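Architecture and fold: a report
Spelled out, the chains give:
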Amino acid sequence: MGLEDQYDNKLTLSTVLEISQNDTSENKLETAKSLPGAFLRRLMMLNANARSVKCVSCDVDTDKSNAINPLDLITALLLCSDSFLQQDIVLKMALCQFAVPLLLPNSETREITMMLWSMRDIVRTFRPSLQAFRKLNCEERIVHSDIPLVSFVRLGRTSLSKSLILNKLLSNTTQYHNSTFYHRDMVCGEVPRRISGGLVEISWYLPCGNRSVDKFIEPLAVANLRGDIRAFDEQFSFLCETSAAVYIFCDESEMDYFKRLEGKDVKANVFLISSVLGKSFTLKRMIKEPRLKIANVSQKKKTDMELIKALQESISKMLENYQNIVSVANQANRARWCGILVDEDSDECQSAWKDVDKITKCITDTSEFKDKQLPLRGHIWKALSWLETECWRMRKAGNQNTEVYRKSLQAKEKELKKKQQRFEITTAMLNFLHGVVTSEVQRYYFLKWLEMELDDLSRQQVSSLQDRYKELLQKSPQDAEKIAEIDKQISVCSLRLEHFFGECGRLYECTSYMPEYSRQRKTREQLPALYAQMLLDGFPLELVDGDAANIQMKWITDVLTELHYSMQSNSKLKVVTIIGAENSGKSTLLNTMFGVRFAVSKGTCTRGAFIQLINVNKDMRKEMGCDCIMVIDTEGLKPDQMVQDDHSHERDKEVASLCVALSDATIVTVSRDNSREKDILELVLHAFARLKDVGKKPLCHFVHANMSDMPVVERRRRDKELMEQLSELIRKDAGMRKADITKVSDVMEFDPDTCSWYIPPLWHGTPPMAHFSVDYSETAHALKKRLIGDLAKCKERGDLTHFVRRVENFWKAV
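We now turn to the structure provided with this report. From a predicted model like this one, the values you see are computed outputs, not experimental measurements.

1. Some points on the overall build of the protein chain
Counting secondary structure elements, the protein chain contains 29 helices and 21 strands. Its C-alpha radius of gyration of 29 Å places the protein chain within 12% of the 28 Å reference for a compact globule of 814 residues. In terms of overall dimensions, the protein chain has C-alpha extents of about 100 × 65 × 55 Å along its principal axes. Scored against the burial criterion, the 814 residues of the protein chain give a buried share of 59%. Taking contacts inside the protein chain between residues at least 6 apart in sequence as the whole, the part at least 24 apart equals 74%. Here the protein chain displays about 34800 Å² of accessible surface, and carbon together with sulfur accounts for 48% of that area. Within the protein chain, the 113 negative side-chain charges are centred at a point lying 2 Å from the centre of the 115 positive side-chain charges.

2. Some points on the sheet that holds strand E14 (residues 573–580)
A sheet is described by the order of its strands in space; here seven strands give the open sequence E13-E15-E16-E14-E17-E18-E19, paired in mixed fashion. The two strands at the open ends of the sheet, each matched to only one other strand, are strand E13 (541–545) and strand E19 (756–758). The average undirected angle you get between the axes of adjacent strands in this sheet is 20°. As judged from the five bridges shared by E14 and strand E17 (residues 665–671), these two strands associate in the parallel manner. Paired with Ile578 across the strands is Ile667, a residue of E17. This element, helix H25 (residues 677–689), spans E14, E17 and strand E18 (699–705) of the sheet and lies at about 170° to E17.

3. Notes on the packing of helix H16 (residues 440–475) against helix H20 (residues 527–536)
Running from N to C, H16 and H20 point in directions that differ by 75°, and their axes come no closer than 12 Å. Looking at the two axes, H16 sits roughly perpendicular to H20. From H16, Glu440, Arg443 and Leu447 reach across to H20, where they touch Leu530, Gln533 and Met534. When the residues that make up the contact of H16 with H20 are grouped by side-chain class, the tally is three nonpolar, one polar and two charged.

4. Digging into helix H11 (residues 347–360)
For H11, built from 14 residues, the straight-helix expectation of 20 Å at 1.5 Å per residue is met to within 8% by its first-to-last C-alpha distance of 20 Å. In this fold, the buried residues of H11 make contact with helix H5 (116–119), helix H12 (366–373), helix H15 (427–436), H16 and helix H18 (497–509).

5. Quick look at a positive patch on the surface
A surface patch of positive charge is lined by Lys414, Lys418, Lys419 and Arg422. Inspection of the secondary structure puts Lys419 in helix H14 (residues 402–421). The exposure class of Lys419 is partly exposed, given its relative accessible area of 42%.

6. A word on H25
Here H25 spans 18 Å end to end across 13 residues, near enough to the 18 Å set by a 1.5 Å rise per residue. Taken together, the buried positions of H25 are occupied by Glu677, Ile680, Leu681, Leu683, Val684, Leu685, Ala687, Phe688 and Ala689. Looking at the buried residues of H25, the elements they touch are E14, helix H24 (651–662), E17, E18, helix H26 (712–732) and helix H27 (734–738).

7. Brief notes about the environment of Lys586
By the secondary structure assignment, Lys586 is in helix H22 (residues 586–594). Among residues more than four places away in sequence, those in contact with Lys586 are Ile578, Ile579, Gly580, Ala581, Asp633, Thr634, Glu635, Gly636 and Thr669.

8. Some thoughts on the environment of Leu527
Considering the arrangement of structural elements, one finds Leu527 in helix H20. Its relative accessible area of 3% is what places Leu527 among the buried residues. If we skip the residues at most four places from it in the chain, Leu527 touches Leu433, Cys504 and Trp555.

9. What about the pattern of salt bridges?
Once the charged atoms of two side chains with opposite charge are near each other, the side chains can pair. Applying the stated rule across the entire model yields 40 salt bridges. A salt bridge links Asp456 to Arg141; the nearest nitrogen and oxygen atoms lie 3.1 Å apart. Of the two residues, Asp456 is situated in helix H16 and Arg141 in strand E4 (residues 138–141); the sequence distance between them amounts to 315 residues. Each of the two residues, Asp456 as well as Arg141, counts as buried. Of the charged contacts, one joins Asp479 and Lys482 as a salt bridge, the two residues approaching to 3.9 Å between their closest N and O atoms. With relative accessibility at 26%, the residue Asp479 sits in the partly exposed group.

Cut-offs applied
Residues numbered from 1 in each chain as written. Predicted model: local features only at pLDDT ≥ 70, side-chain atom pairs only at ≥ 80, totals over all residues. Heavy atoms only, no water. Helix = DSSP H or I, 4+ residues; strand = E, 2+ residues; numbered from the N terminus. Rg over C-alpha atoms; globule rule 2.2 N^0.38 Å. Buried < 20%, exposed > 50% of the residue type's maximum accessible area, 1.4 Å probe, protein only. Contact = heavy atoms within 4.5 Å. Areas by Shrake-Rupley, 256 points an atom, 1.4 Å probe, with all protein chains shown as cover. Lys, Arg positive; Asp, Glu negative; His and termini not counted. Charge placed at Lys NZ, Arg CZ, Asp CG, Glu CD. Pairing = 2+ DSSP bridges. Axes fitted to C-alpha atoms, helices over the stretch in contact; angles between N-to-C directions. Parallel < 35°, antiparallel > 145°, perpendicular 65-115°, else oblique. Nonpolar A, V, L, I, M, F, W, Y, C, P; charged D, E, K, R; others polar. Expected span 1.5 Å × (residues − 1). Patch = residues over 30% accessible without salt bridge, like charges linked within 9 Å, V, L, I, M, F, W, Y side chains within 5 Å. Salt bridge = Lys/Arg side-chain N within 4 Å of Asp/Glu carboxyl O.

Here is the structure:
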């Protein structure tokens, strides 16, 4: 597969996300070397068909010499990826409802690795029986969930496809998913495995709380060992000691093997599924005391469907009173005892965790923690932001002389800055800086650990507020005051990486007041260069602070300037921005299109604007006219009456106007479910209209979210209605007419025939067992392809240094 070099020099996420020729053309997969790239591109876009990749030659070669089993492909890629790409691959596999690697074999070193770190980013929402009664969801990081494990293994050769049976077992009553465990009937599934023998995959059955849909009313983890247990004794021993039950597929002729189990520490209940003449199956149980022996549960010969029903009943009954449940994270000790490596046992990973623990163990109340440990980002920064804005707008001047009023504002601003400089750096920020100013690998571990821990803390405090917020929006949209209050509480309780980096920005801006050769000053002066590297590694940068409705201009300028230098001045860029109503799936769409990772999990919400950078492959740079693409994600637009009545009351308009001004192409999301669509469109139009004076008309794509199959006639009717709505808003707006704006084409380039997109619902099936919709993924891919083509036609507008100047100029204008 051409991955020899990557076995030692690992693949990275930034390399995988590069824009290349493959993003603009549908090249046929001619050789095995094209398979890893094709799989990763599809997986990054959460395409549920990602594993069904094969060479064109496989259709004509009788010996199948170029054919690769998809499990070999995934094993090879994980062995050739660094820890952070591994984590991203596993997360996206889980989102596609693919089984993910629990134990990864390495045939080169004959080592087995437990993929605990790789699974840590998986967060799932489900509703077990107790919560279902109270109509509450349980949302957890899956490796910490106390979910019983049931394992399925094979002894010898059997005619029955274990993975096919498991897919049927894990499918809800209303919908069959055939994609969880890859099996012999799928594309290249019959190709002999070369390096994935001994792979143990894990998947989860998670109930939705509806008895008519759920196969199991409690959550269940299912492990699947690939290959014959006689060849993989370490894996089999691990599963026998960590599982509630182990089901062994075998032939009647293999029964002598079980004498070997008598000396093993078998904690699991062991069941045999034996085939009889390859046509029917018998389910039997092994009794552990006084000696391992076979006892019949049912001698009835079963067909395929009868076997699945018997398995369902057997598992449900066995788990009713089962108490010895161990989370995946706690299984790591047993793995080590079995001689299995654990991927997060590296020194860098463990040191990073200790640094994170020093910060997070002190957090009991996120709001209080921000006030005490991140003070520079708090009330003073908000007050400074208001003063800065008021110096430009003079809205509270009243009858005062404007010059006198401005000087009084500047005096207050100066006093606040002095007050800010007197703050001592807090314990939490000292620990944060210690974690950041370290080796590149350890810094990445530190940030990922901290990101996950903060996500868990915020989820506990914010998720119920977000549920209440959404409920009020749907049921009582007229109760604007209460909605605004909950929105404010969400902002106060949220605690994420950007709050720490925002504090870094304030510390950095105070650096010039510190003694010139002090150690602290030297540390702070490194921060822009460190964050520039993090941008290259895939972490977002907060462009606009949504809480203070302001930009830390010196911080942003110096970070992006350092990024320019770290790219050897090859930083010509094109910009894609997304704006639209809140909860219209903007972040999810960008993540699906570009493989980036804007925050989307519950307990988080985009406030302000964030940027991520994607490199353009060297072969594409001349054609694209740029070295990289900047993607800007923005806070959801709210109608005026829904926004807090404070200094940030026009934040939505300001952020949208700035980001549209910076962009070469803008995506506007429109949701059919949004009853306030007209108000949102008005905000969008105002953002575009502000650019009239600078003679700029960005290209605009309208994305209609959550649209199931819609006939072409219906789409054309909706496109026509959208144009009429926009035109009507322009006709009614005196301000726009005064600016000589009379039609949509005066403010944006928009062709309803090529720039109007209908994105289907995100999930296919009933969550949490739904998988990512293939139609959603493929529509997002088509939009990405079109955008890349559009960006190639846009005129060049300079590099990152020019972009920084545009940010400053446009923000002042806004």
